[in-house]
Amino acid sequence: MNLEKVVFGFFVLLAATLNFGFFIGDISNPALHNVYELFAAIVVSLIATVLKFGDRTQIGAVHLATSLVADLQLVAAAIAWTYSAHIADNALTPSATAAVVSLSGGALFANVVSVVLLVVETVSYHRR
C-alpha cells in the first residue's frame, strides 16, 4: 500500500465531505450552515491542493485545476460570509447566505470532479 496515495485520497475525500456538510441544508437559512465547517473545508481543500502539486501527469494537472477552483470558490464564500456577517449593516441575510452557499456549491462540484478523477485513476491503475 502506498502511504502517499492514502494521504492524498484521504484529503481529497475529506475536502469533498466537509464541503458537502457545509452545503447541505436550506440555502437561505444561516443556522444550517456552520462557519467553522466552512473554515475546515477551506483548510482541508488547501492541504489537498498542496498535495496535488507534485503530480506531472495530465490527470494530475486536472486534479490541480479542480482543487484550485474549489479553493477559489471556498475563499470567495468565506469573504462573502465575513463581509455579510461583520461589515455589512444588516448581518447575515437569507440572500447573503444563499450567495455563500452557492459559492460552496460550486466548490462542491469541483470536489466531486476531483473525487471522480481519483476513482478513475485508481481503477485504471489496477488494470495495468
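Residues numbered from 1 in each chain as written. Predicted model: local features only at pLDDT ≥ 70, side-chain atom pairs only at ≥ 80, totals over all residues. Heavy atoms only, no water.

Looking at an unreviewed UniProt entry, one finds the protein named DUF6394 family protein, with Pseudonocardia lutea as its source organism.

Draft legend 1. Broad picture of the environment of V43. Within the element layout of this structure, V43 appears in helix α2 (residues 35-51). Measuring from C-alpha to C-alpha, the distance between V43 and L74 comes to 9.7 Å, with 31 residues separating the pair along the chain. (Helix = DSSP H or I, 4+ residues; strand = E, 2+ residues; numbered from the N terminus.)

Draft legend 2. Region of interest: the packing of aromatic side chains. Evaluation of the coordinates by the stated rule reveals two aromatic pairs. Considering the side-chain rings of F10 and F11, the 5.1 Å spacing of their centres and the 85° angle between planes classify their relative orientation as edge-to-face. What makes F10 partly exposed here is its relative accessible area of 47%. Taking the centre distance of 6.0 Å and the plane angle of 55° together, the rings of F22 and W81 count as tilted. Here F22, found in helix α1 (residues 3-23), pairs with W81, found in helix α3 (residues 58-87); they are 59 residues apart in sequence, far enough to count as distant. A relative accessible area of 9% means that W81 is categorised as buried. (Phe/Tyr/Trp six-rings, centres within 6.5 Å; stacked < 30°, edge-to-face > 60°. Buried < 20%, exposed > 50% of the residue type's maximum accessible area, 1.4 Å probe, protein only.)

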